[in-house]
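Architecture at a glance
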Amino acid sequence: MARHEVNYLKNSGIPIALTTIDSLLNWGRSNSLWPLTYGLACCAIEMMAAGGSRFDFDRFGTIFRASPRQSDVMIIAGTVTKKHAEFTRRLYDQMPEPKWVISMGSCANTGGMFNTYATVQGVDRIIPVDIYLPGCAPRPETLQYALMVLQKKIRKQKAFKKTPPKRLV
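So, a few notes on the structure that sits alongside this text. If you're wondering where the values come from, they're calculated on a predicted model, not measured in any experiment. (Residues numbered from 1 in each chain as written. Predicted model: local features only at pLDDT ≥ 70, side-chain atom pairs only at ≥ 80, totals over all residues. Heavy atoms only, no water.)

Considering the overall build of the protein chain
Cut-off, in case you're wondering: Strands here mean DSSP runs of E at least two residues long; helices mean DSSP runs of H or I at least four residues long; both are numbered from the N terminus. Throughout, radius of gyration means the C-alpha value; the globule benchmark is 2.2 Å times the number of residues raised to the power 0.38. The rule is simple: take the accessible area with a 1.4 Å probe, protein chains only, and divide by the maximum for that residue type; under 20% is buried, over 50% is exposed, in between is partly exposed. Only heavy atoms enter the contact rule, under which two residues are in contact if any of them lie within 4.5 Å. The Shrake-Rupley method, run with a 1.4 Å probe sphere, supplies the accessible areas, and residue values consider only the shown protein chains as cover. Positive: Lys, Arg. Negative: Asp, Glu. His and the chain ends are not part of the count. Charged side chains are reduced to one point each, which is NZ for Lys, CZ for Arg, CG for Asp and CD for Glu.
Secondary structure summary: the protein chain contains five helices and four strands in total. Along the protein chain, helices and strands appear, N-terminal first, in the series α-β-α-β-α-β-α-β-α. Relative to the compact-globule value of 15 Å for 169 residues, the protein chain shows a C-alpha radius of gyration of 20 Å, a clear excess of over 25%. Projecting the C-alpha coordinates of the protein chain onto the three principal axes gives extents of approximately 85 × 40 × 25 Å. The buried share of the protein chain, reckoned over its 169 residues, is 38%. Residue pairs at least 24 apart in sequence account for 79% of intrachain contacts in the protein chain once pairs closer than 6 positions are excluded. For the protein chain, the exposed area adds up to about 10700 Å²; of that, 58% sits on carbon and sulfur atoms. Of the side-chain charges in the protein chain, 23 are positive and 12 negative, and the distance between the mean point of each set is 4 Å.

Here's what the structure looks like:
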């Protein structure tokens, strides 16, 4: 009978990794963000450029989805009109928990230069926003940085702690 002994001390320790469930779940969530793209104006062109091969979001585990039921991040890019507000809220409500929102560009953040009756003065009036991207229109590198900041935020959260509903402005 062959006898095989493994010397774990020789091979840099025992092959066991210790972690918490929170760390493991948040690591999985943060490295597989699937954004729902909601491009409304010129910022959407920059968002589409971010999905190209030059910026390669796939290496972060970020795959753009067209369905709210399979997405966990909503990227609002561009001017939100009051006509779109209802649909934006409906798409947000269809996303499974946990979910996050990135507001991309000055128009999505504050209404931009369109201070009119038809423009929503900030998407945070209809859905809670986690990260605001400033600029007109922000570059794809900025969106990439925002996703990395969101990954850090997700890793710090408690996986099973019931979070209070996010506040609207």
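A closer look at the sheet that holds strand S2 (residues 73-77)
Threshold: Strands qualify as paired when DSSP identifies two bridges or more between them. Each axis is a line fitted through C-alpha atoms, taken for helices only over the stretch in contact, and angles between the N-to-C directions span 0 to 180 degrees.
The parallel open sheet is built from four strands, whose spatial order is S1-S2-S3-S4. Each edge of the open sheet is held by one strand with a lone partner, namely strand S1 (35-39) and strand S4 (131-133). Taking the axes of each pair of neighbouring strands and ignoring which way they run, one obtains an average angle of 15° across the sheet. Sheet topology places strand S3 (residues 100-104) next to S4; three bridges connect them, and they run parallel.

Side note on the packing of aromatic side chains
Operational definition: Aromatic rings from Phe, Tyr and Trp, taking only the six-membered ring of Trp, are treated as a pair when their centres fall within 6.5 Å; an angle between ring planes under 30 degrees marks them as stacked, one over 60 as edge-to-face, and anything in between as tilted.
Under the counting rule described, the total for this entry stands at two aromatic pairs. Taken together, a centroid distance of 6.4 Å and an interplanar angle of 85° make the contact between Phe-57 and Phe-60 edge-to-face.

Some words on the pairing of S2
Using the following cut-off: Call a crossover right-handed when, viewed with both strands pointing away from you, the route from the first strand across the helix to the second goes clockwise.
Most of S2 is tucked away: five of the five residues are buried. Side chains Val-73, Ile-75 and Ala-77 of S2 all project onto a buried face; the interleaved residues Met-74 and Ile-76 project onto the opposite face, where all are buried too. Across five bridges, the pairing between S1 and S2 is parallel. Bridging across to S2, Leu-36 finds its partner in Met-74. Between S1 and its parallel partner S2, the chain crosses via helix H2 (residues 43-50), and the hand of that crossover is left-handed.

Brief notes about the packing of helix H1 (residues 21-30) against helix H5 (residues 140-156)
Put simply, the test is: Our angle categories are set so that under 35 degrees counts as roughly parallel, over 145 as roughly antiparallel, 65 to 115 as roughly perpendicular, and the remainder as oblique. Handedness of a crossing follows from how the near helix is turned relative to the far one, being left-handed for an anticlockwise turn of less than a right angle and right-handed for a clockwise one. In this classification, Asp, Glu, Lys and Arg are treated as charged, Ala, Val, Leu, Ile, Met, Phe, Trp, Tyr, Cys and Pro as nonpolar, and every other residue, Gly included, as polar.
Two elements in contact, H1 and H5, have axes whose closest approach is 8 Å; the angle formed by their N-to-C orientations is 160°. Our classification of the angle between H1 and H5 gives roughly antiparallel. Here H1 and H5 pass one another in a crossing that is right-handed. Together, Asn-26, Arg-29 and Ser-30 of H1 and Gln-151, Ile-154 and Arg-155 of H5 make up the contact between the two elements. Class assignment of the residues belonging to the contact of H1 with H5 gives a composition of one nonpolar, three polar and two charged.

Quick look at the environment of Thr-81
Following the sequence through the fold, Thr-81 ends up in the loop between S2 and helix H3 (82-94). Each C-alpha atom, one on Thr-81 and one on Ala-108, is 9.6 Å from the other, the two residues being 27 residues apart in sequence. In this structure, Thr-81 is in contact with Ala-118, Thr-119 and Val-120, ignoring residues within four places of it in sequence.

Let's talk about the pairing of S3
Counted residue by residue, S3 has five buried out of five residues, so it is predominantly covered. Covered by surrounding structure in S3 are Trp-100, Ile-102 and Met-104 together with Val-101 and Ser-103, the residues of both alternating faces. Looking at chain direction, S2 and S3 are connected through five bridges and run parallel. Within the sheet, the bridge partner assigned to Ala-77 lies in S3 and is Met-104.

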